[in-house]
Amino acid sequence: MKAELIKINPKNPEQEIIDRAGKILREGGLVAFPTETVYGLGGDGLNAESSARIYQAKGRPSDNPLIIHIAQMEDLETAARRIPKGAVRLAERFWPGPLTMIFPKTDIVPYETTGGLDSVAVRMPGHPAALALIRAGGGFVAAPSANRSGRPSPTLAAHVAEDLGETVDMILDGGRAGIGLESTIVDFTEDVPVILRPGYINREMLVSCIGQVNMDPGLQEQNRPPKAPGMRYRHYSPRAPLAIVQGEAGRAAAFINELARMEEQKGGRAGILACRETEHLYQAGLVKSIGSRSLDETIAKHLYQVLREFDQEQVSCIYSESFDTPRMGQAVMNRLKKAAGGRVIQVPDDE
Ligand code: TXA
Ligand code: MG
């Protein structure tokens, strides 16, 4: 492995480590670092060559723009133009935190960072190590999730090492990412702000702060592409094919049991994505509980890790329950459906 893997105190990051990592960024290198959502793969967002290196390291299509991470509010105007009052209000309420906003870009931001677009995505993360690194690295850190393109986002430094250990210069290990799903993205380039990617900050929280907020219709409709380029690709995917089984819990479990038995008869092994409330219902396959429906943050937190574990256990297919919970359901189901490539099996309620 080429990358240096260094443990860092997530609450009170060691300045000596931050200084070394910041120097790598200022010299055009790549540093993977923890944020409160998922691990990011950082480069200097104002340096076109660094951004090109990020795309290369991830194997990411070059039309899929990067998010610029800042550490202080004053820097927003350096990267972005036409910042409406609503955006300022969201920043005051949710920054630093798991929220990304999109505006027209300024000239200082290279097209290599924005995937050729005239708009730019900006976020101020809440993780102390991320904030310290951004300051040390020059203030504008472009960072996609630190996975190989198409793989589940990393929530542990070990996931980053697995995907990118050969291609980045340094990996900062700050333990588990707290939220486990990528930031909510709100587009402010239209008259009414639009959610391009659901996340921990859900629609209700945005509406209660600024009033009207729309959902990108492309997230739901089959025949209309999502506006965020990254939401168009099959994404977040484990290696084995995944299908979501929807329906009343008992019936869905019975159906998944049946599918898992059929897989065993074929000589394979099914992975089953269940939760604390239902795991006892399964008698076949490799069952993993990802959390509790009554505390649905735990489901968001473990989703990507469990998808990676199924890869390691080399299951031949994966069946998941549906997790349409009130708090995190939008975000969890958005990622799960993408991981499933849209395969949803509906179990009828009664005959
Ligand atoms: O939580 C997060 O946001 C993490 C951490 C590291 O901060 N980052 C992250 O970046 O998820 P990435 O590159 O994996 O996802 C960025 C998403 C992509 O879907 C991309 O297409 C979209 O944001 N995006 C970025 N700039 C955009 C723009 N100008 N217009 C529309 N979509 C944009
Ligand atoms: Mg990503």
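Before any of the text, the structure's been laid out above.
None of these values were measured; they are calculated from a predicted model.

(A) Representation of the site of ligand 1 within the structure. Around ligand 1 lies a shell of 28 residues, among which Thr37, Asn64, His69, Ser183 and Gly230 are the nearest. Contact between ligand 1 and Ser145: an oxygen atom at 2.9 Å from a side-chain N or O atom of the residue. A distance of 2.9 Å separates an oxygen atom of ligand 1 from a polar side-chain atom of Arg197. Look at ligand 1: alone it shows 680 Å² of surface, and the protein chains cover 97% of it. For the shell around ligand 1, the secondary structure elements donating two or more residues are strand E4 (67–69), strand E6 (119–123) and strand E10 (194–197). Ranked by residue count, the leading element in the shell around ligand 1 is E6, at four residues. A breakdown of the residues in the shell around ligand 1 according to their chemical character gives 16 nonpolar, eight polar and four charged.

(B) Unusual backbone geometry, seen in detail. The omega angle of the peptide bond from Trp95 to Pro96 is -10°, so this bond is cis rather than trans. Structurally, the position occupied by Pro96 is in the loop between helix H4 (85–94) and strand E5 (99–104). Positive phi outside glycine occurs at Arg82, with the angle close to 50°. Topologically, Arg82 is positioned in the loop between helix H3 (76–79) and H4.

(C) The pattern of salt bridges, seen in detail. Throughout the structure, instances matching the rule amount to 23 salt bridges. Among the salt bridges present, the one from Lys7 reaches Asp173, with a minimum N-O distance of 3.1 Å. Of this pair, Lys7 sits in strand E1 (residues 4–7) while Asp173 sits in strand E8 (residues 170–173); the two residues are 166 residues apart in sequence, bridging distant segments of the chain. For Lys7, a relative accessible area of 63% translates into the label exposed. As a salt-bridge pair, Lys288 and Glu309 come within 3.1 Å of each other at their nearest N and O atoms. Here Lys288, found in strand E14 (residues 286–289), pairs with Glu309, found in helix H9 (residues 297–312); they are 21 residues apart in sequence, far enough to count as distant. The exposure class of Glu309 is partly exposed, given its relative accessible area of 23%. A single network of salt bridges, built from pairs that share partners, joins Arg151, Glu162, Asp163, Arg239, Arg308 and Asp311.

(D) Local environment of the sheet that holds strand E12 (residues 242–246). Spatial ordering of the open sheet is given by E14-E13-E15-E12-E16, a layout of five strands whose pairing is parallel. Looking at strand neighbours, the two that pair on one side only are E14 and strand E16 (344–346), the edges of this open sheet. Adjacent strand axes in the sheet meet at a mean angle of 25° when their direction is disregarded. For strand E13 (residues 270–274) and strand E15 (residues 317–321), the ladder comprises four bridges, and the chain directions are parallel. Bridge assignment links Ala270 to a residue of E15, and that residue is Cys317. In the packing of helix H8 (residues 249–265) onto the sheet, the strands contacted are E12, E13, E15 and E16, and the crossing angle to E15 comes to about 175°. Taken strand by strand, H9 contacts E12, E13, E14 and E15, and its axis lies near 165° from that of E13.

(E) Examining the side chain of Glu182 more closely. Within the secondary structure, Glu182 sits in the loop between E8 and strand E9 (184–187). Overall, the relative accessible area of 5% leaves Glu182 in the buried class. In terms of polar contacts, Glu182 uses its side chain to reach the side chain of Ser153, at 2.5 Å. Here the side chain of Glu182 touches Tyr304 through a polar contact of 2.9 Å, side chain to side chain. Those residues in contact with Glu182, other than ones at most four positions away along the chain, are Thr37, Val38, Ser153, Arg197, Pro198, Gly199, Tyr236, Tyr304 and Arg335.

(F) A look at helix H2 (residues 48–58). Every buried residue belonging to H2 is among Ser50, Ser51, Ile54, Tyr55, Ala57 and Lys58, and all of these are buried. The arc that holds every buried residue of H2, seen down its axis, measures 165°, which confines them to one face. Turned more than 90 degrees off the buried face of H2, the exposed positions are Glu49 and Gln56. Where H2 is buried, its residues meet strand E3 (40–44), strand E7 (141–142) and helix H6 (157–164). With a side-chain oxygen lying 2.9 Å from the backbone nitrogen of Glu49, the N-terminal cap of H2 falls on Asn47. Following H2 by one or two positions, Gly59 adopts a phi angle in the positive range, close to 70°.

The rules behind each value
Residues numbered from 1 in each chain as written. Chains lettered and ligands numbered in written order. Predicted model: local features only at pLDDT ≥ 70, side-chain atom pairs only at ≥ 80, totals over all residues. Heavy atoms only, no water. Near = heavy atom within 4 Å. Polar contact = N/O pair within 3.5 Å; in protein donor to acceptor, adjacent residues only side chain to side chain. Areas by Shrake-Rupley, 256 points an atom, 1.4 Å probe, with all protein chains shown as cover. Helix = DSSP H or I, 4+ residues; strand = E, 2+ residues; numbered from the N terminus. Nonpolar A, V, L, I, M, F, W, Y, C, P; charged D, E, K, R; others polar. Salt bridge = Lys/Arg side-chain N within 4 Å of Asp/Glu carboxyl O. Buried < 20%, exposed > 50% of the residue type's maximum accessible area, 1.4 Å probe, protein only. Pairing = 2+ DSSP bridges. Axes fitted to C-alpha atoms, helices over the stretch in contact; angles between N-to-C directions. Contact = heavy atoms within 4.5 Å. Arc of directions from axis to C-beta.

Remember that the coordinates give geometry; whether it matters functionally is a separate question.
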